[in-house]
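Next come the chains, spelled out residue by residue.
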Amino acid sequence: MADYLLSIDVGTRSLRAALVSVTGDIIGQSVMPLVIHRPEAQQAEQSSQNIWEQLINAVRHLLADNPDVHPGQVLGIGFDSTYSMLFLDQEKQPLSLSQTQTQAFDVLLWCDHRAMAEADQLNGLNRASSASKSGGRVTAEMPISRCLWMSQHRPTFWQATAHIIELFDFLVLKATGELVRSPCSFSTRARYLATEDRGIGLSERTEGPDSPHGAAVGKGLLADVANQMGLLPGTPVSTGTVDGYAGTLAVMGAGLEGLAPPERERGLTSRISMVVGTSSIYQCFSSQTETIPGIWGPWDNGDLAGLNAYTCGQNAVGALLDHLPCRHPASAEVSRLAKQEGISVYDYLERRLTALAKEQPIAELTRSLHILPFFAGNRCPIGDCHLTGMVSGLGMECGPDAMALLYLATIQALALEARHALECLLQAELPIETLMPAGGLTYNRLFMQEHINVLGMTAILNQAQNPMPLGAAMMAAVAAGVYPDIRSAMVGMSQVGETLELEPELRAYYDRKYRVYREMHQDQVKYATVMNEEY
């Protein structure tokens, strides 16, 4: 009888439960939507009750769709989620962020930017050690900025807060009754708290035992939770992690099985993950220990002895593709035409681009259309949530072809922003050569090809069509004793698929686009300086 792992991946707009074999085959998946609440501009919240109910629904649907899988065959459970936060009371119950709502929204979503002024305040100190491993800048998305906001704007709420916890650690708490801190949590990554406390009591609110990835938490699944899910009490539950890191674990070890340790190490350190969904995370591993301007890290997560993780990313990727092209005047018409042809809007737009290009490369259609993709600020390498988006080259055209061109320019802009961050890693002499993609946007061939061309790297797709569930499953496998450590699970549960090659003949064109991207950023800074001058 086969054995399986249960992987729970909680994203921004949906969550996914997946059954994964011990060799990394994804047997089945169930996806449930999540509610997002935006009470004011720059604010984004979720409900832990909604998340937990949808999580239970997803697991029950998954098991119902796979009746041959019995509870005893599920050896372990792994959780990953966005880097969202909860504030718990003394009883470890979530405190509502919005008491006036009929539904209690108690999860501060990762993309909430209400703490921009507090981030500026910390950056203005010029001594904040909180910035030392975050590219040299504190941003509104970082927990220290958010905690400072809560202490200043919601003092009663802050006084009632006994525990600050990330969503992935909260899900483990709900499943096991144990509060433990993942290597990716605020407390274990921010040992500067004693010196950066700011007099608001951060240290005592982030206490709790550290737990490595793949560790079995407590006595496993609580009996009442097991009953809700349809699983066995005591099923091992792994320490949780952030979704970007889970995606990195899912793809970085693919194809390294059978190599001698030195070759395996070289293969691992020459790769960078590309985890793309609503936002993006790029991660690589290196033996280096120096900080890199504009890059987060290095972090020693304890998973790969002798190697540290460097991270960069973007605030809005899939979110920007939904926001910019899909709010074009032709959006309704394009949706109707795509539906008539039985394809997605993105596939339809790519067809329009192919028709427009005729004999020339599709990429060159945007020679006079340029976008600065900072519609939600810039995460890396600039680290400034105040930056905004810009478009240069708009005309009076408002039909499907104009929408297609805007779509292409948006993809290229996102790739150029990624290049800006990855250049910091390459300038630090990290030997990165290959992209290892994961996440929903890896299905989009135009998106992938433009990124490969702009970044100047080939991409190795995973054998699994969507490898994201593999990361949490790997941690579950280690917690269940199937693999001795995370490194072994990374190699044993992930396989390579297709290789996507770059088009080197377009390099000069993309270099010019990159120059325009950098100039647009500098222009925005210049405009702000002009407008801030005294009259």
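None of the values given here were measured: they were computed from a predicted structure.

Undergrad: Even after reading the chapter, I still don't get the sheet that holds strand E4 (residues 45-46), so can you show me in this structure?
TA: Strands sit in the order E4-E7-E6-E8 across an open sheet of four strands; the sheet is antiparallel. Each edge of the open sheet carries a strand with a single partner, namely E4 and strand E8 (163-166). Against the sheet, helix H5 (residues 167-176) engages strand E6 (85-88) and E8, with an angle of about 100 degrees to E8.

Undergrad: Explain the sheet that holds strand E5 (residues 74-81) to me, please; I cannot follow it from the model alone.
TA: For sheets, the rule is that strands pair by backbone hydrogen bonds, running either parallel or antiparallel. With mixed pairing, the five strands of this open sheet are ordered in space as E3-E2-E1-E5-E9. For this open sheet the edge positions go to strand E3 (26-33) and strand E9 (241-242), each flanked by a neighbour on one side alone. Inspection of the sheet shows strand E1 (residues 4-10) paired to strand E2 (residues 14-21) by seven bridges, in the antiparallel sense. From the neighbouring strand, aspartate 9 faces E2, where its bridge partner is arginine 16.

Undergrad: Is there a simple way to think about the nonpolar core in this case?
TA: Nonpolar side chains tend toward joint burial in soluble globular proteins. In this structure, Phe87, Leu425 and Phe447 are the most contacted members of the largest nonpolar core, which totals 115 residues. Here the element with the most residues in this core is helix H14 (residues 400-427); it accounts for 14 residues. Not counting chain neighbours up to four residues away, the residues in contact with phenylalanine 87 comprise Gln93, Pro94, Leu95, Leu97, Leu108, Cys147, Met150, Phe157, Trp158, Thr161, His163 and Ile164. In this structure, Leu63, Val107, Met229 and Leu231 belong to the second largest nonpolar core, which totals 40 residues.

Undergrad: I'm lost on the packing of aromatic side chains in this one. Help?
TA: Each aromatic ring pair is characterised by the separation of its centres together with the angle its planes make. The final tally for this structure, using the stated rule, is seven aromatic pairs. Judged by centre distance (5.4 Å) and plane angle (70 degrees), the ring pair of phenylalanine 87 and phenylalanine 157 falls under edge-to-face. Residue phenylalanine 87 is located in strand E6, and its partner phenylalanine 157 is located in helix H4 (residues 155-160); the two are separated by 70 residues in the primary sequence. Judged by relative accessible area, which is 0%, phenylalanine 87 ranks as buried. Aromatic side chains tyrosine 509 and tyrosine 510 sit 5.7 Å apart centroid to centroid with 70 degrees between the ring planes, which places their arrangement in the edge-to-face category. A single burial state applies to tyrosine 509 and to tyrosine 510, both of which are buried. Cation over ring: arginine 114 sits above tryptophan 149, and NZ or CZ is 4.9 Å from the ring centre. Sitting over the ring of tyrosine 514, arginine 419 keeps its end group 4.2 Å from the ring centre.

Undergrad: How should I be thinking about the side chain of histidine 420 in this particular structure?
TA: The residue histidine 420 is located in helix H14 in this model. Judged by relative accessible area, histidine 420 falls into the buried class, the value being 9%. Sequence-distant contacts of histidine 420, defined by excluding residues within four places in its chain, comprise Pro381, Ile382, Tyr514, Tyr517 and Arg518.

Undergrad: Any chance you could explain helix H15 (residues 445-455) here in plain terms?
TA: For an α-helix, the turn length of 3.6 residues means that residues three or four places apart are oriented alike. Summarising burial for H15: nine of the eleven residues are buried, a large majority. The opening residue of H15, the one whose side-chain oxygen lies 3.2 Å from the backbone nitrogen of leucine 446, is asparagine 444. Positive backbone phi, approximately 70 degrees, marks glycine 456, located one or two places after H15.

Undergrad: Explanation requested: the pattern of salt bridges in the structure shown.
TA: Side chains that carry opposite charge are capable of pairing whenever their charged atoms lie near each other. Applying the stated criterion across every chain, the model contains 14 salt bridges. Linking aspartate 322 and arginine 13 is a salt bridge whose minimum nitrogen-to-oxygen distance equals 2.6 Å. You can see aspartate 322 sitting in helix H11 (residues 318-323) and its partner arginine 13 sitting in the loop between E1 and E2, a full 309 residues away along the chain. Judged by its relative accessible area of 26%, aspartate 322 falls in the partly exposed class. What emerges from the salt-bridge pattern is a single network uniting Arg419, Glu423, Arg507 and Asp511.

Cut-off values and rules
- Residues numbered from 1 in each chain as written.
- Predicted model: local features only at pLDDT ≥ 70, side-chain atom pairs only at ≥ 80, totals over all residues.
- Heavy atoms only, no water.
- Pairing = 2+ DSSP bridges.
- Helix = DSSP H or I, 4+ residues; strand = E, 2+ residues; numbered from the N terminus.
- Contact = heavy atoms within 4.5 Å.
- Axes fitted to C-alpha atoms, helices over the stretch in contact; angles between N-to-C directions.
- Core = buried A, V, L, I, M, F, W, Y, C linked by side-chain atoms within 4.5 Å.
- Buried < 20%, exposed > 50% of the residue type's maximum accessible area, 1.4 Å probe, protein only.
- Phe/Tyr/Trp six-rings, centres within 6.5 Å; stacked < 30°, edge-to-face > 60°.
- Lys NZ or Arg CZ within 6 Å of the ring centre and 35° of its normal.
- Polar contact = N/O pair within 3.5 Å; in protein donor to acceptor, adjacent residues only side chain to side chain.
- Salt bridge = Lys/Arg side-chain N within 4 Å of Asp/Glu carboxyl O.

As far as function goes, none of this settles anything; it's purely spatial.
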